[in-house]
Amino acid sequence: MAAEMTLVSRIILAIVLLLVQPSYAHSSVVTLGSFSNQRQSTSDDPHIEGYSLILYREGKIVFGRFCWATGIEVPCAPIQKAAIDKVGNLTFQAKLSIGQEVSKDTGPQGRPAYRLVTFRGEIRKNSIPGVVSIKSVYAPDTSVETEIVTLKRIPFKGSAILSYREWVQDPLNRPVD
């Protein structure tokens, strides 16, 4: 009888633990990591420059946020068209607004200064070396800024994510039109 009670008690305890566990314990989202090459400039007017990236995966979906510290602002955007191949090559795009631009095409009100960032690199244990290419969204035939970078793994400071569907509902994670 005591053995039966112990077995019943264990089953009840297991059921209770399953019911009260935080829902993120059942998440299928894997945090691939946070990476950055951001640094403080050494000029008389100190500011942050560089890039940062946080990456997640849920099944075959790769998602995250890319930030570009321009010295004045740090615009961030969700990555799009992200993929990781079998050997760890990472590609993605991000559309960032780096402020306002005024030109003969925009009129005096101007428009958001959108830039399309394309990244190609290789995920390694402690870094992602790669190439960042940046061009204007409005004039895709204009010059492309290209920079070879190494984004180093940094401590992850995010929170648990239940699913890509939940993540994309956050207004900060919606792509810019």
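Up top is the structure these notes are about.
Quick caveat: nothing in here was measured; it's all calculated off a predicted structure.

To continue, consider the overall build of the protein. From N to C terminus, the protein includes 2 helices and 10 strands. Moving toward the C terminus, one meets the helices and strands of the protein in the order α-β-β-β-β-β-β-β-β-β-β-α. By residue count, 33% of the 177 residues in the protein fall in the buried class. Sequence-distant contacts, at least 24 apart, represent 42% of the contacts inside the protein between residues at least 6 apart. About 11,500 Å² of surface is accessible on the protein, with carbon and sulfur atoms providing 57% of the total.

Core analysis: the biggest nonpolar cluster contains 21 residues, and L53 and F66 have the highest contact counts within it. Within the residue set of this core, elements represented by two or more residues are β3 (48-58), β4 (61-70), β7 (89-101), β8 (111-122), β9 (127-136) and β10 (145-154). The element contributing the most residues to this core is β7, with 4 residues. For L53, the contacting residues outside a window of four places in its chain are G33, S34, F35, R65, F66, I79, L90, F92, I128 and L151. Within the second largest apolar cluster, 7 residues are counted, among which are V29, Y56, F63 and V168.

We now examine unusual backbone geometry. Its identity is not glycine, yet K81 carries a phi of approximately 50°, on the positive side. Residue classification places K81 among the exposed residues on the basis of a relative accessible area of 68%.

Another aspect to go through is the pairing of β10. Sheet topology places strand β1 (residues 29-36) next to β10; 3 bridges connect them, and they run antiparallel. Bridge pairing links S36 to K152 in β10. With 8 bridges connecting them, β9 and β10 associate as antiparallel partners. Looking across to β10, one finds that G130 is bridged to V149.

Our focus in this paragraph is the side chain of E58. Topologically, E58 is positioned in strand β3. This buried residue, E58, is left without a salt bridge; R165 holds the nearest opposite charge, at 7.9 Å. Looking at E58, its side chain comes within polar contact range of the main-chain nitrogen of Y164, at 2.7 Å. When sequence neighbours within four positions are dropped, the list of residues in contact with E58 reads S28, V29, F63, L162, S163, Y164 and R165.

Definitions and limits used
Residues numbered from 1 in each chain as written. Predicted model: local features only at pLDDT ≥ 70, side-chain atom pairs only at ≥ 80, totals over all residues. Heavy atoms only, no water. Helix = DSSP H or I, 4+ residues; strand = E, 2+ residues; numbered from the N terminus. Buried < 20%, exposed > 50% of the residue type's maximum accessible area, 1.4 Å probe, protein only. Contact = heavy atoms within 4.5 Å. Areas by Shrake-Rupley, 256 points an atom, 1.4 Å probe, with all protein chains shown as cover. Core = buried A, V, L, I, M, F, W, Y, C linked by side-chain atoms within 4.5 Å. Pairing = 2+ DSSP bridges. Lys, Arg positive; Asp, Glu negative; His and termini not counted. Salt bridge = Lys/Arg side-chain N within 4 Å of Asp/Glu carboxyl O. Polar contact = N/O pair within 3.5 Å; in protein donor to acceptor, adjacent residues only side chain to side chain.

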